[in-house]
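# What the coordinates show
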There are 2 protein chains.
Amino acid sequence: MDLFLQAAIEQARLGLAEGGIPIGSVIVHKNRIIGRGHNRRVQKGSAILHGEMDAFEDAGRQPASVYRESVLYTTLSPCAMCSGAILLYGIPRIVIGENQTFMGEEALLRSRGVQVEVLQDSHCLELMRAFIAAKPELWNEDIGV
Amino acid sequence: MDLFLQAAIEQARLGLAEGGIPIGSVIVHKNRIIGRGHNRRVQKGSAILHGEMDAFEDAGRQPASVYRESVLYTTLSPCAMCSGAILLYGIPRIVIGENQTFMGEEALLRSRGVQVEVLQDSHCLELMRAFIAAKPELWNEDIGV
């Protein structure tokens, strides 16, 4: 498996072990991970720390030139908020674990020139399938439903 | 002046007094402020705490029904990230202090059914004019330039 997707899945599993929603993300610059994150809605009572946002926060304040050479990996198709962060910082390419559980703003991202790759990875799918079966209300809250 | 815009401007001024970027926001539910925020890039070394995101975080975990009856006030036209959060949570209406300093994703928001009102408020304009004249590099960083 892609080593960076694997690092995103490790983040998702870490979140699950903490009692959280199992979605993880890493930001990669020049083949090195500069930010790791996972959804912290439960852990921090946060409405904004989706996995991707948490990875941006972990990467910290970066110059525009770094974002524009980075790839964002996420276990699940990014929602409007996370897609907006990807657009704000001009991330040119994202790799998505799966989009069967949730279809994010992939069309918007592509229309703005972001290269979007979807792997339909079985580990990512199974993490979300099991989680939603166990805690559907938490999942709905996370996507504003 | 609109009392809620005034509360958003107070947040912007608070951010300025802390050495930060003077953009503020409040989220209003049934005529009551449930979240207040201001940009904390400098104060917290944060890449994601724009004023609107900070207001969402201050409001905390809310049921979908609350977001869908809320109005978001912001001193400056919301960037892609903050607009994405507005879309994620289904905020139906936003009031913007000004969009002359920066034109955010107003067209996208309108295309998704969000009611967008722009006031071109002189206090909001002057806060950003003076700030950008003093610290242009910080402003560019905040909008990913």
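Please refer to the structure higher up on the page.
Residues numbered from 1 in each chain as written. Chains lettered and ligands numbered in written order. Predicted model: local features only at pLDDT ≥ 70, side-chain atom pairs only at ≥ 80, totals over all residues. Heavy atoms only, no water.

## So, the interface of chain A and chain B
Put simply, the test is: Here a residue-residue contact requires only that any non-hydrogen atoms of the pair lie within 4.5 Å. Computed with a 1.4 Å rolling probe, the buried area is the accessible surface lost when two parts are put together, summed over both parts. Any carboxyl oxygen of Asp or Glu within 4 Å of a side-chain nitrogen of Lys or Arg constitutes a salt bridge here. For this analysis, a polar contact is any N or O atom pair within 3.5 Å, provided that within protein one partner can donate a hydrogen and the other can accept it, and provided that sequence-adjacent residues contribute only side-chain to side-chain pairs.
In this complex, chain A contributes 34 residues to the contact, which on the side of chain B involves 34 residues. Summing both partners gives a buried area of about 2,700 Å² for chain A against chain B, and 58% of it is carried by carbon and sulfur. Its largest share of buried area at the contact with chain B, chain A owes to Ile 48, Arg 61 and Leu 88 of chain A, together 26% of the area lost on that side. Summed over the shared surface of chain A and chain B, the number is four salt bridges. Where chain A meets chain B, there are 18 residue pairs in polar contact (both at pLDDT 80 or more).

## Observations concerning the pairing of strand E2 (residues 32-38) of chain B
All names here are of chain B. To keep it simple, the criterion reads: Here the term buried applies to any residue with accessible area under 20% of the maximum for its type, exposed to any over 50%, and partly exposed to those in between, with areas from a 1.4 Å probe on protein chains only. The secondary structure listing takes helices from DSSP runs of H or I that are at least 4 residues long and strands from runs of E that are at least 2 residues long, numbered from the N terminus. Between any two strands, pairing holds if DSSP finds at least two bridges.
Burial analysis of E2 places five of its seven residues in the buried class, the great majority of the element. Of the strand pairs in this sheet, strand E1 (residues 24-29) and E2 are connected by six bridges, and their pairing is antiparallel. Among the inter-strand pairings, His 29 is bridged to a residue of E2, identified as Arg 32. What sits between E1 and E2 in their antiparallel hairpin is a turn of two residues, with Lys 30 showing a positive phi close to 45°.

## Let's talk about the sheet that holds strand E4 (residues 93-98) of chain A
Residues and elements named next belong to chain A. Note the following rule: Geometry is summarised by axes, namely lines fitted to C-alpha atoms with helices restricted to the contacting stretch, and by angles between N-to-C directions that run from 0 to 180 degrees.
Sheet architecture is open: five strands sit in the order E2-E1-E3-E4-E5, paired in mixed fashion. Either end of the sheet is taken by a strand with one partner, and the two such strands are strand E2 (32-38) and strand E5 (115-118). Going across the sheet, the axis of each strand differs from the next one's by a mean of 15°, ignoring polarity. Where strand E3 (residues 70-76) meets E4, five bridges bridge the pair, whose relative direction is parallel. When the sheet's bridge partners are listed, Val 71 is paired in E4 with Arg 93. The strands touched by helix H3 (residues 51-59) are strand E1 (24-29), E2 and E3; relative to E2, the strand with the most contacts, the crossing angle is about 130°.

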